[in-house]
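Understanding the architecture of this molecule
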Amino acid sequence: MKPILWLFCILLSSNAQATGEVEIPLLAETAHIQAAVGRVLELDENGQSSLGDAQCNRVDLSDLVLLTEDAQLAVDMAFSAATGAHVLGACRGLTPWQGRLTLKLTPQVMESGLAIEFVPDSIELSRPDSSPGLLSKPAKLIADMLVLPRMKSVQIDLAGPLNSLDELIEQSLGPASSHDDEQSLIQRTHIARLQTEETGVRAWLAFQVRVPEPAEHVSEPTFNVSELAQWQTLEDELDGFLTTIISTLAHSTNSHALRIELLAVLLDARHAIAEALTVDDPEHDPVRELFLTTWERLRPLMSELEGLETPGLEADFKLAAFIAGGDALRALDALGPEYGFEITRDGLRKLARLLLAEAVPPSFTPLPLEVDPAFRDLFGFDASGEAEFTTVESTPHRDVSFGRVGAWLLPTAYADTVPPAVALKGLVPQLENLNHYLELVASLLEEQANAWLAKNNKMPDRMAERLDPLVRATAWKESCWRQLVGSSSDPQVLRSSGGAVGMMQINGRVWRKVYDLDRLVNEVDYNVNAGIDILTHYMLDYAIRKGEHEQPGGDDNLIKATYAAYNGGPGHLSRYRRDDTSSQLKAIDNAFWNHYTTIKAEQWPDISSCYAVGQ
């Protein structure tokens, strides 16, 4: 379901925003219900069970299948019934009746409003040849005696998740909705109605919150230093929350495509957090907006996960309850600002607890900044590659004397023996050394691009030849080929207002746990390697996989889409061809494309676009 359509359904189901009444869905999947049936029938790890007398009047069950049919559930299983009498210490009787047992279950809300029961109809027996068999009536009596009573006890108890939802809702209602002698949650979360569908039984959970007394709006003053630090801490908490949740969801599936989409949500959220930290606007609540925007992206992916096997998340309806919790927060926000909905640290932890239970950490901060090989491997970055993510064995730099700027060069013997990365260490581009500096960078970028291609066979041949100009153009657009700025006596790493660093302008907040943040700053070759890693990741896992080259423009689109994602995050992948892209972003993409086409044709950028030369 598209996010806008899902939001419309939530708003429609809330019935009356003015009264604060809300309904949210929670799906009890057929797998959950089948597991509940298996428990009451005492099925073992092989899906088999024997009920009744060990020798006489016994039924054997196996091959349990549960399907939905209209408003009911159909339980079907292999069934063998033996009946007889004990004679001289042995059971004497006819050959056991064998066939299949089927019964219908009608889901109903229990009186407490916190659980679902399944009312069984009468049992039906069938044989492959449609004949009743000699023992069909005794077999039916045994099934009614041994199976039917157990089926009447099948229940889905949601009391725990619903109580946790209540705590989350109360935590998320701001101070404006608190009363000294009244609870903000008028009607606690309960099951209002049920809906049987192909994937299971959808329980519509209802709750009602109190409308707070209106308060006169007073404009907030500009944040002071302490308040800005608190906002950053909360945004760090959101980053840690999303990283933990998305990693947990990714661990629950073997689908690489789904993992990549989950990573895209995380990277876009981190990009947005990094941008939000540069804005000082006391009227704007970045954390709330970031959470809601990310939830709209995450929600359909979790719905997809609901249809898959998710080891570790199926017990106690962890995934379903977590989805309901996020939906509840989205619905509270949709009621209107007068309800005082806000995202807090405790609220994030309560929401996470629905999924992680006691595994939820005491705090999501401080954020871990070191490289995490397991995280890299989870999302398709070679875990073993990070350990070897060092300076490639570079060929010595040879002066190719492009002669674009000036004639000042280091001694030829030095240039022939020193690798570019070493020669660039501590070097700041100045007019007097610009020719030599740019040649060093060109050699470094070419070597690193070729080294990546030598170690990887993932890139289509037709795009491999485009990697070098893509890397060069990206570095030129992002940094004018600069790792360092300032004076030669006091060089400083190039750093953007949003925290991106170095020649490839890699944001440590976005790429923490994937790259070594200190090395991005201190080692130009590591910075370039990481940039190439990110560019190829975006091209292979997003641009090509999503078919950007199938749009008008062909393979050129892959270059444009890759840079757009590199510059703004995976959500920007198609911005280069969208009509609603802002003029600012269009200007960035157009400038990049001009650099790319120039470098691809001439192997060299237009130096005057970055440096004052020829004057």
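The structure contained in this document is the topic of the report that follows. Position numbers for residues count from 1 along each chain, tracking the sequence in the order it is written. With the structure being a predicted model, the display of local features is reserved for residues of pLDDT at least 70 and the display and counting of side-chain atom pairs for 80 or more, all residues being used for whole-chain, interface and lining totals. Neither water nor hydrogens contribute to the side-chain values; these are computed over all heavy atoms in the structure.

What follows is about the overall build of the chain. Helix and strand definitions here come from DSSP, where helices need a minimum of 4 consecutive H or I residues and strands a minimum of 2 consecutive E residues; each element is numbered from the N-terminal end. For the chain, the helix and strand inventory stands at 21 helices and 16 strands. Across the 615 residues of the chain, 49% fall into the buried class. The Shrake-Rupley method, run with a 1.4 Å probe sphere, supplies the accessible areas, and residue values consider only the shown protein chains as cover. A total accessible area of about 28400 Å² is found for the chain, and carbon and sulfur atoms account for 50% of it. When a residue's accessible area, from a 1.4 Å probe over protein chains only, is under 20% of the maximum for its type it is buried; when over 50% it is exposed; and in between it is partly exposed.

In this section: the state of the cysteines. Note on terminology: pairs of cysteine sulfur atoms within 2.5 Å are recorded as disulfides. Scanning the model with the defined rule gives 1 disulfide in all. For Cys 480, the disulfide goes to Cys 610, at an S-S distance of 2.0 Å. The chirality of the disulfide connecting Cys 480 with Cys 610 is left-handed, given an S-S dihedral of about -75 degrees. You can see Cys 480 sitting in the loop between helix 16 (461–479) and strand 13 (484–486) and its partner Cys 610 sitting in the segment after helix 21 (583–602), a full 130 residues away along the chain. In this structure Cys 610 comes out as partly exposed when scored by relative accessible area, which is 26%.

We define a salt bridge as a side-chain nitrogen of Lys or Arg found within 4 Å of a carboxyl oxygen belonging to Asp or Glu. One pass over the full model with this rule turns up 32 salt bridges. Between Glu 261 and Arg 545 there is a salt bridge, and its shortest N-O distance comes to 2.6 Å. One end of the pair, Glu 261, is in helix 7 (residues 256–276); the other, Arg 545, is in the loop between helix 19 (524–544) and helix 20 (556–568), and 284 residues separate them in sequence. Exposure remark for Arg 545: the relative accessible area of 34% places this residue in the partly exposed category. The shortest N-O distance in the salt bridge between Arg 466 and Asp 556 comes to 2.8 Å. Here Arg 466 is found in helix 16, whereas its partner Asp 556 is found in helix 20, with 90 residues between them in sequence. Overall, the relative accessible area of 14% leaves Arg 466 in the buried class. Counted as one network, the salt bridges with shared partners bring together Asp 236, Asp 239, Arg 270, Arg 509 and Arg 512.

Moving on, we come to the sheet that holds strand 12 (residues 200–209). At least two bridges found by DSSP between two strands are what make those strands a pair. Taking strand neighbours across the sheet as the criterion, the 3 strands line up as 1-12-11 in an open arrangement whose pairing is antiparallel. The outermost strands of the open sheet, each flanked by one partner alone, are strand 1 (21–29) and strand 11 (185–197). Strand after strand, the sheet turns through a mean of 20 degrees between neighbouring axes, direction not considered. Note that strand 1 and strand 12 share 9 bridges and pair antiparallel. In the strand pairing of strand 12, Glu 29 is matched with Gly 200. By definition in these notes, contact holds between two residues if any of their heavy atoms fall within 4.5 Å. Each axis is a line fitted through C-alpha atoms, taken for helices only over the stretch in contact, and angles between the N-to-C directions span 0 to 180 degrees. Contacts between helix 5 (residues 159–172) and the sheet are confined to strand 11 and strand 12, with strand 11 contributing the most and set at about 130 degrees to the helix. Helix 9 (residues 318–335) rests against strand 1 and strand 12 of the sheet, and its axis sits at about 165 degrees to strand 1.

Position of Asp 555 relative to the elements: it lies in the loop between helix 19 and helix 20. On the basis of relative accessibility, which here comes to 22%, the residue Asp 555 falls in the partly exposed class. As a C-alpha pair, Asp 555 and Arg 462 span 93 residues in sequence and 8.8 Å in three-dimensional space. At a separation of 2.6 Å, a polar atom in the side chain of Asp 555 contacts the side chain of Arg 462. N or O atoms closer than or at 3.5 Å make up a polar contact, with two conditions inside protein: a donor-capable atom paired with an acceptor-capable one, and, for residues adjacent in sequence, both atoms drawn from side chains.

Quick look at the environment of Arg 376 now. By secondary structure assignment, the location of Arg 376 is in helix 11 (residues 373–378). Residue class for Arg 376 comes out buried when judged on its relative accessible area of 2%. Remark: the alpha-carbon pair of Arg 376 and Tyr 515, spanning 139 residues in sequence, is separated by 9.0 Å. In terms of polar contacts, Arg 376 uses its side chain to reach the backbone carbonyl oxygen of Val 514, at 2.7 Å.

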